[in-house]
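Architecture at a glance
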Amino acid sequence: MDELSRVISRRRTFAIIAHPDAGKTTLTEKLLLFGGAIQLAGAVRARGEQRRTHSDWMKVERERGISVTASAMTFEYDERTFNLLDTPGHQDFSEDTYRTLTAVDSAVMVLDVAKGIEGQTRKLFEVCRMRDVPVITFVNKLDREGMEPFELLDEVEQSLALDATPASWPIGMGHRFLGCYDLVRDELVPMPKGGMTRLPVGIPCKGLSDPKLGQLLPPEALQKLREEVEMARALCKPFDRQAYLEGHLTPVYFGSALNNFGVRELLSGLCEHAPPPTTRPAVERVVHATETAVTGVVFKIQANMDPKHRDRIAFVRLCSGHFTRGMKLNHVQSNTVLKVHNAVLFLAQERGLAEEAYAGDIIGIPNHGKLRVGDTLTEGEKLHFTGIPSFAPELLQTVRPADPMRAKHLQRALEQLAEEGAASVFKTRIGSNWIVGVVGSLQFDVLADRIRTEYDIAVHFESTSLFTARWVEGDEPLVLRKFAEDNQGAIADDHTGALVFLARNNWHLETAIKENPKLRFVKTKEQTH
């Protein structure tokens, strides 16, 4: 194996998916702690605010305690380099989450032991299944009372049509919770309850018959553990890595992120089982991670990560090769060359210059609006990576500035937010209305707040009588032009200049589809420009 292949094979790029409040932010923090990226679990928290986790950095997130943007974090553990993408748990931000899942090779699904599989978890899992992303499950909050382990495993199998194999087993639950037994290594790693100091290394006990177990666990807890592990091994399928990689099986880890239980086992599982970067489909061909030429795709734009500097960072997933600082990369969409001398690697809000990065890594490229979601960077080859979608919005409202003199500034703010993928923005052909489309209603609050704090423009969102929006595509330019002229009152352009049909109701949409067989009214659009 050559040096490039060896380095890339040690990369693990994964996302954490969960329903709000399943403990995703705490788990993220503890993974970084175990990875040595932070010295104590509070250091991840912003310096002046010891109580908010660093990965939730946007003002709205800190106020509401929810994740609304996807953060990227890099850390090392056991000679592997991990790129962790934290996805929004709130359902109104599913589009950002979906795009994030296009940039990872595997996912960790976090379940609350008391609630099992919840609505948002199921939705996100379906996205993973659609994209063939293998999933490891982490059952969290075992320091509280909840469902029995067998009941939970059964729920995963029944509701997700997925084989579940326990990789660790909980010892007790709630106030009787003493830790987890590692079924893969056949050992118990005693772990102190969560504290704010660096974690001590546990003392492994080999096998369930190890006399050391009698000193570490009360007799009734040890008896129950032996019985349950024997039953689990008899009833559950043995772990099969191939079945996991194909998305038919999920290894299940039990623990309590808050108390550091089970996190080490989860990390070891990611090291051993999660896939390294492999291939990535493009329109032209399939790109292999171990190719020497650098290629990358923009899966997210984040504006104003630092409000003091009007910056925009393009999050780029490197698909192949070895990137070094100062490299010249071709921006395929504009056919121009970018000299990338200021790319950054992330630890939540902390950023450091990326001297080098490999396939699978996530780098941020500061830019002034040139890079858009779905864009491709190469060393010269013309490639268009596929699989990064835009969704037609489900809710539409008009937006206007409180001060009419700021209309021009609002236009710039809306275009930047649209390029970032925070919302769809449409400009009507008749009148000068800006229409903002989102997937969930909370996004309107978030947008109003961001426009006020980041761009210093007070805005009003007002409801419209519009039902939905569809991109209109056709192979004959004349037919498209005629449709736009005949339906001027219902036509708008999005921030890329693409034609959009604004339907007043379902009948309006159905009629337009029926009367224009040569046109396509698109609900989900591939972002390959």
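Below or above, wherever it landed, is the structure these notes cover. (Residues numbered from 1 in each chain as written. Predicted model: local features only at pLDDT ≥ 70, side-chain atom pairs only at ≥ 80, totals over all residues. Heavy atoms only, no water.)

Right, let's get into the pattern of salt bridges. All chains considered together, the criterion is met by 21 salt bridges. Notably, a salt bridge pairs arginine 285 with glutamate 291, separated by 2.9 Å at the nearest N-O pair. (Salt bridge = Lys/Arg side-chain N within 4 Å of Asp/Glu carboxyl O.)

Attention shifts here to a negative patch on the surface. Together, Glu148, Glu151, Asp154 and Glu157 line one region of the surface with negative charge. Looking at where aspartate 154 falls in the secondary structure, it is placed in helix H6 (residues 149-160). (Patch = residues over 30% accessible without salt bridge, like charges linked within 9 Å, V, L, I, M, F, W, Y side chains within 5 Å. Areas by Shrake-Rupley, 256 points an atom, 1.4 Å probe, with all protein chains shown as cover. Lys, Arg positive; Asp, Glu negative; His and termini not counted. Charge placed at Lys NZ, Arg CZ, Asp CG, Glu CD. Helix = DSSP H or I, 4+ residues; strand = E, 2+ residues; numbered from the N terminus.)

Turning next to the side chain of serine 256. Turning to its location among the elements, serine 256 is positioned in the loop between strand E11 (249-254) and helix H10 (263-273). Among all residues touching serine 256, those that are not within four sequence positions of it are Phe138, Asn140, Lys141, Leu142, Asp143, Phe177 and Phe261. (Contact = heavy atoms within 4.5 Å.)

By size, the foremost hydrophobic cluster in this structure holds 81 residues, and its most contacted members are Phe323 and Ile363. Looking at this core element by element, the count peaks at six residues for strand E15 (residues 312-320). What phenylalanine 323 contacts, discounting residues up to four positions off in sequence, is Val294, Leu318, Leu329, Val340, Ala343, Ala354, Glu355, Glu356, Ala357 and Ile363. By size, the runner-up hydrophobic cluster in this structure holds 29 residues, among which are Leu27, Leu31, Ala167 and Ala257. (Core = buried A, V, L, I, M, F, W, Y, C linked by side-chain atoms within 4.5 Å. Buried < 20%, exposed > 50% of the residue type's maximum accessible area, 1.4 Å probe, protein only.)

Bringing helix H14 (residues 506-515) into the picture now. Of the positions making up H14, those classed as buried are His508, Leu509, Thr511 and Ala512. Seen from one end, H14 has its buried residues packed into an arc of 165°, which puts them on one side. Of the exposed residues in H14, the ones pointing more than 90 degrees away from its buried face are Trp507 and Lys514. Of the surrounding secondary structure, the elements contacted by the buried residues of H14 are strand E29 (468-474), strand E31 (499-503) and strand E32 (519-522). The backbone nitrogen of tryptophan 507 lies 3.3 Å from a side-chain oxygen of the residue at the head of H14, namely asparagine 505. (Arc of directions from axis to C-beta. Polar contact = N/O pair within 3.5 Å; in protein donor to acceptor, adjacent residues only side chain to side chain.)

Once that is clear, we can look at the packing of aromatic side chains. Scanning the model with the defined rule gives 11 aromatic pairs in all. Here the aromatic rings of phenylalanine 14 and phenylalanine 82 are separated by 6.0 Å at their centres, their planes lie at 85°, and the arrangement is edge-to-face. Of this pair, phenylalanine 14 sits in strand E1 (residues 11-18) while phenylalanine 82 sits in strand E3 (residues 80-86), placing them 68 residues apart in sequence. Take phenylalanine 14 and phenylalanine 82: they sit in the same class, and that class is buried. (Phe/Tyr/Trp six-rings, centres within 6.5 Å; stacked < 30°, edge-to-face > 60°.)

Positive phi, close to 70°, is recorded for lysine 141, a residue that is not glycine. Note on placement: lysine 141 falls in the loop between strand E5 (135-140) and H6. A relative accessible area of 14% places lysine 141 in the buried class. You will see that asparagine 335, though not glycine, has its phi angle at about 55°, which is positive. Here asparagine 335 lies in the loop between strand E17 (327-331) and strand E18 (336-340).

Taken in spatial order, the four strands of this open sheet run E7-E8-E9-E10, and their pairing is antiparallel. Each edge of the open sheet carries a strand with a single partner, namely strand E7 (168-171) and strand E10 (205-206). This element, helix H8 (residues 219-235), spans E7 and strand E8 (179-182) of the sheet and lies at about 150° to E7. (Pairing = 2+ DSSP bridges. Axes fitted to C-alpha atoms, helices over the stretch in contact; angles between N-to-C directions.)

All right, on to helix H13 (residues 477-486) then. Listed in full, the buried residues belonging to H13 are Leu480, Phe483 and Ala484. On an axial view of H13, the arc spanned by its buried residues comes to 100°, and they lie on one face. Away from its buried face by more than 90 degrees, H13 exposes Leu478, Lys482 and Asp486. Buried residues along H13 sit in contact with E29, strand E30 (491-494), E31 and E32.

Assignment of secondary structure puts valine 479 in helix H13. Separated by 37 residues in the primary sequence, valine 479 and asparagine 516 have C-alpha atoms spaced 8.9 Å apart. Residue contacts for valine 479: discarding those within four places in its chain leaves Lys518 and Leu519.

With that out of the way, let us pick up the packing of helix H2 (residues 24-34) against H10. Two packed helices can be described by the angle between their axes and the distance between those axes. It is the contact of H2 with H10, at a shortest axis distance of 10 Å, that shows an interaxial angle of 75°. The orientation of H2 with respect to H10, classified from their angle, is roughly perpendicular. In this structure, H2 uses Leu27, Lys30, Leu31 and Phe34 to contact H10, whose residues at the interface are Val263, Arg264, Leu266 and Leu267. Across the contact of H2 with H10, the residue classes break down as six nonpolar, no polar and two charged. (Parallel < 35°, antiparallel > 145°, perpendicular 65-115°, else oblique. Nonpolar A, V, L, I, M, F, W, Y, C, P; charged D, E, K, R; others polar.)

What follows concerns the sheet that holds strand E26 (residues 424-428). On the basis of which strands lie adjacent, the open sheet formed by eight strands has the order E28-E25-E27-E26-E30-E31-E29-E32 and antiparallel pairing. Single-partner strands in this sheet number two, and they are strand E28 (459-463) and E32. If you compare each strand with its neighbour and ignore which way they point, the axes differ by 40° on average. In this structure, strand E25 (residues 395-401) lies alongside E28, joined through five bridges in antiparallel fashion. Bridge pairing in E28 links valine 399 to phenylalanine 461. Packing of helix H11 (residues 407-420) onto the sheet brings it into contact with E25, E26, strand E27 (434-438) and E28, and relative to E25 it is tilted by some 145°.

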